[in-house]
Amino acid sequence: MAGLAVSTTINGDSVEYLCQPDETLLDVLRDRLGLTGAKEGCGTGDCGACSIILDGRLVCSCLVLGAEAEGRRVETIEGMADGDVLHPLQQKFIEHAALQCGICTPGFLIAAKDLLARNPDPTEEEIRFGLAGNLCRCTGYDKIVRAVQDAASVMRAA
Amino acid sequence: MTAGFDPRYVKRDFASIGTRPLRPDGIDKVTGRARYGADFNMAGQLVGRVLRSPHAHARIRSIDTSKAEQLAGVKAVITAADLPDLTDGDAAMYDILDNCMARGKALYDGHAVAAVAAVDARTAKQALKLIAVEYEILPHVTDVDEAMMASAPVINDGVFTDGVEPKPAKPSNVAKRSQFGHGDVDAGFGQAEVIVERSFRTEQTHQGYIEPHACVASVSADGMADLWVCTQGHFVYRQHCAQLLGLEASKLRVTSSEIGGGFGGKTHVWAEPVALALSRKAGRPVKLVMTRDEVFRASGPTSATSIDVRIGARRDGTITAAEATLRYSGGAYSGAWAELGAMTAFACYGLENVRTVGFDVLVNRPKCAAYRAPSAPMAAFAVESVVDELAGRIGMNAVDFRIRNAAREGTRSSYGPVYGPIGIGPTLEAVKMHPQMQAPLKKNQGRGMACGFWFNFGGQTCSDLNIGMDGSVSLAVGTVDVGGSRASLSLVAAEELGIDYSQVRAVVADTSSLGYNDMTDGSRGTFSSSMATISAARNAIRIMRERAAQMWDIPVDEVGWEMGHAVALGEKNGNLGRLSLKEIAAASGKTGGPIAGHSELVADGAGVSFATHICDVEVDPETGATRVLRYAVVQDAGKAVHPTYVEGQYQGGAAQGIGWALNEEYIYGRDGRLQNAGFLDYRIPVCSDLPMIDTQILEIPNPNHPYGVRGVGETSIVPPLAAIANAVSNAVGVRMTHIPMSPPRILAALEAERAG
């Protein structure tokens, strides 16, 4: 089957690729573009490990078609740090040990970034509900919530 | 054991151990750079896919793969015929082989029957649809109690209950009977003034790691093979794959990827032998990644159980006798799951008369795998529920009743061994003083507490420690890092050598670069690899002392080692001063060449571990929904190497236990098919379901480890089922006996109580 030609912007860079009509954006990112930071934990939008930001909106990239990225802006975990300088969320996740195995971490970071963009000073409850679309099986979420609280406070002070 | 290594605990002041540095793999994991099972690719790689039985129990009459083979882009199709039986009478290996690919009979919904390798996922999926399997559907059984009935369909004609004399004449689904205990249980019940007896059930759960099983296999024409895989034990995977494929172990190099959660579920091969067989047939590398549906249907789960517990006590609070009968489903294959339940059930208590009997039961469900302290949480649920009820009947506080009966140093455990210094008493004393015990409870709220035990494992371990010419240190370990052990083991190397944490880099070596290591299971990773690291570091220090002696031209026995330096001992050497590790390393080319310390040992003496948890809940009587309000974990770590990661283990185990207690269960239809093979319907706790989880680390040194370390990973999942059941029972005034306590079950229990 002939592929569809797609022009999009990923982490600020212009990117072009061919994809099949039924291919997910997650598969395009991982298998065609080598951006394996987004993970497939379920493929059904239940775990959030594939979270990305599409035109400013948090989405599961396993529920978006590669073809749908045409003309849009995609932000992935690979674009979160500014060169060598980690985003405050990334830094605080390491400092608070908010990851054990780390497979859910890229999705959590993207979701937390989106949450703080909409609500820079969330309560614990707002953080917990804001991140309820992302599954973590290792941490019990305690250290994740604390890392987000700490990062939010750093970002507000900046 | 490495010659001359003394593993005994010696009290000391630590410089690095107990500090909380940042983990060495942190940046890779927050930037998306870390490579997990599915993140690796090889040139010319094909995509593998597995065809699975839709039936719970069926004879496979025929498999026609010809149409699939003819599809353009398909490079290999395999069935059991491509995995000939090379297990040579090894029954456990035969079960693994049969589980990887059904041989004549499909034994559960999800059992693999064929597999393809094609140029892309779309072609592979299409090819699966072209494979024609003719099934003869057989009667099935998925319930553990039903499977034990005489009328149940027998799943494996070759299974005659092990552990009973004489050997049964007829096959059955009871694979094994095991018994533990001591004393005279009947006499003990005769002395009891109060006896509580109850039956319990727990449903099957999955480890629920977020990363599905994934591997890339490459077999070359000359028999050389490589396997990249997410696993808890790459050396064990090598052994199993090599045996099943007929490869020489040394020609199969297995590299463990970063692992996206395991919890015991990545200790068994499933897809890996299939991927290797596909690669061998296709002559190209094959990547095989399970879907989430496959993860639920074909990997993992823990046992469903049915448990009867009876405990008797005098009115002064002394338990006089305890017994339990424990039935554990093992999936369609034999296991040792009930045995572990029977061993752990009463391990927290010092009992004069105790007996436990376990039955391992075959059902038409996926082959059970270990799940964090396998089998212990269910047994603890049943026992700790009865302990709570008994305390109430006697009129004693639940904590005081447990303290009175707690095992202590010198107690003969219910499973046999006599305990050394242990932490059950101290965790109970700490819980008694915990502020959560004083927090006020409102209407519909309840508090529960419970204890838990896990053995902890040691086992075969090998490490290499190499001193670079610049004085930096590389540590190669063979235990997979599932939750931060590279940080812990770097701390251990730094401690022993007397250098800074930042000078050490720990890596997990592949199977061709290091001697054999058992897998990271049984909470053994940091316990055993730290022992091997200490031993390797001491060997390196011995060499560095020799080099320093050479540099100073004095006998080696006049050279000591302090704080990262060789020091010349004795007054006559007073003018020689010190030589740093860095100076000795820089001179190594002229003093005998590279400096390294190796270690190969069996890490014996893993210290047993105990925990006590407190849980406060609120139950909505309208909906039956339970909310966890507060949760606290108190556990003995022996010595917390990196306390932040110890806390993480405590919190993670508690969270998994909360999910198990309240929500998670495999739901089978009457057709024997799994109805909730996805994260939407098999609901693990999300962030908004949980409160902060308080942790308290106790440190009662393990006498059999130089630093006193005990395993910490598993015990934390043992008490939650019971603690939450006790809390819910206290909140609603009805004893809950069926896990998970999902809203419908709680409503039904309330309704039954109202109906009297």
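Residues numbered from 1 in each chain as written. Chains lettered and ligands numbered in written order. Predicted model: local features only at pLDDT ≥ 70, side-chain atom pairs only at ≥ 80, totals over all residues. Heavy atoms only, no water.

**Student:** Help me out: how do you make sense of the overall build of chain B in this one?
**Tutor:** Secondary structure assignment for chain B yields 20 helices and 27 strands. Relative to its length of 756 residues, chain B is compact, with a C-alpha radius of gyration of 27 Å against a globular reference of 27 Å. The C-alpha extent of chain B, read off along each of the three principal axes, is 90 × 75 × 55 Å. Counting the 756 residues in chain B, one finds 64% classified as buried. Relative to all contacts within chain B whose residues are 6 or more apart in sequence, the contacts with residues 24 or more apart total 79%. Surface exposure of chain B reaches about 26500 Å², of which carbon and sulfur atoms provide 49%. (Helix = DSSP H or I, 4+ residues; strand = E, 2+ residues; numbered from the N terminus. Rg over C-alpha atoms; globule rule 2.2 N^0.38 Å. Buried < 20%, exposed > 50% of the residue type's maximum accessible area, 1.4 Å probe, protein only. Contact = heavy atoms within 4.5 Å. Areas by Shrake-Rupley, 256 points an atom, 1.4 Å probe, with all protein chains shown as cover.)

**Student:** Got a minute to help me understand the interface of chain A and chain B in this structure?
**Tutor:** By a frequent convention, interface size equals the accessible area lost on bringing the separate parts together. Counting residues at the interface gives 48 residues for chain A and 50 residues for chain B. Buried surface at the junction of chain A and chain B, summed over both partners, amounts to about 4000 Å²; 59% is from carbon and sulfur atoms. Of all residues in chain A, Ile94, Gln100 and Arg137 of chain A bury the most surface against chain B, accounting for 21% of the area lost on that side. The interface formed by chain A and chain B includes 5 salt bridges. A salt bridge links Arg137 of chain A to Glu664 of chain B; the nearest nitrogen and oxygen atoms lie 2.8 Å apart. Here chain A and chain B share 26 residue pairs in polar contact (both at pLDDT 80 or more) between them. In the side of chain A that touches chain B, the residues fall into 22 nonpolar, 13 polar and 13 charged. (Buried area = accessible area lost by both parts, 1.4 Å probe. Salt bridge = Lys/Arg side-chain N within 4 Å of Asp/Glu carboxyl O. Polar contact = N/O pair within 3.5 Å; in protein donor to acceptor, adjacent residues only side chain to side chain. Nonpolar A, V, L, I, M, F, W, Y, C, P; charged D, E, K, R; others polar.)

**Student:** Where do I start with the side chain of Gln90 of chain A in this structure?
**Tutor:** Within the element layout of this structure, Gln90 of chain A appears in helix H2 (residues 88–95). Within polar-contact distance, the side chain of Gln90 of chain A engages the backbone nitrogen of His87 of chain A at 2.8 Å. With near-sequence residues (within four places) excluded, Gln90 of chain A lies in contact with Ile77, Met80, Ala81 and Leu109 of chain A together with Val30 and Thr31 of chain B.

**Student:** Can you walk me through the packing of helix H3 (residues 91–100) of chain B against helix H7 (residues 234–245) of chain B in this structure?
**Tutor:** Packed helices, taken two at a time, are described by their axes: the angle between them and the distance between them. Residues and elements named next belong to chain B. Closest axis-to-axis distance for the H3/H7 pair is 11 Å, and the angle between their directions is 80 degrees. Considering the angle they form, H3 stands roughly perpendicular to H7. Listed contacts from H7 to Met93, Ile96 and Leu97 of H3 are His240, Gln243 and Leu244. Partitioned by chemical class, the residues of the contact of H3 with H7 number 4 nonpolar, 2 polar and no charged. (Axes fitted to C-alpha atoms, helices over the stretch in contact; angles between N-to-C directions. Parallel < 35°, antiparallel > 145°, perpendicular 65-115°, else oblique.)

**Student:** Honestly, the nonpolar core in this entry has me stumped. Any pointers?
**Tutor:** When a protein is soluble and globular, its nonpolar side chains tend to lie buried together. By size, the foremost hydrophobic cluster in this structure holds 156 residues, and its most contacted members are Phe93 of chain A together with Val309, Ile311, Phe346, Tyr631, Ile724 and Met741 of chain B. Considering each element in turn, this core owes the most residues, 12 residues, to helix H11 (residues 376–394) of chain B. In this structure Ile311 of chain B touches Phe189, Val194, Ile195, Val196, Ile319, Ala321, Ala322, Phe346, Val383, Val386, Val387 and Leu390 of chain B, once residues within four positions along its chain are discounted. (Core = buried A, V, L, I, M, F, W, Y, C linked by side-chain atoms within 4.5 Å.)

**Student:** Would you explain the sheet that holds strand E8 (residues 194–202) of chain B in this entry?
**Tutor:** Where strands meet in a sheet, backbone hydrogen bonds hold them as pairs that are either parallel or antiparallel. All names here are of chain B. Strand order in this open sheet of 6 strands is E7-E15-E14-E13-E8-E27, and the pairing throughout is mixed. The outermost strands of the open sheet, each flanked by one partner alone, are strand E7 (174–182) and strand E27 (738–739). Bridge count for E8 against E27 is 2 bridges, and the pairing is parallel. Note that in E27 the partner of Arg201 across the bridge is His738. Across the sheet, H11 is in contact with E8, strand E13 (305–313), strand E14 (319–329) and E27; its angle to E8 comes to roughly 150 degrees. (Pairing = 2+ DSSP bridges.)

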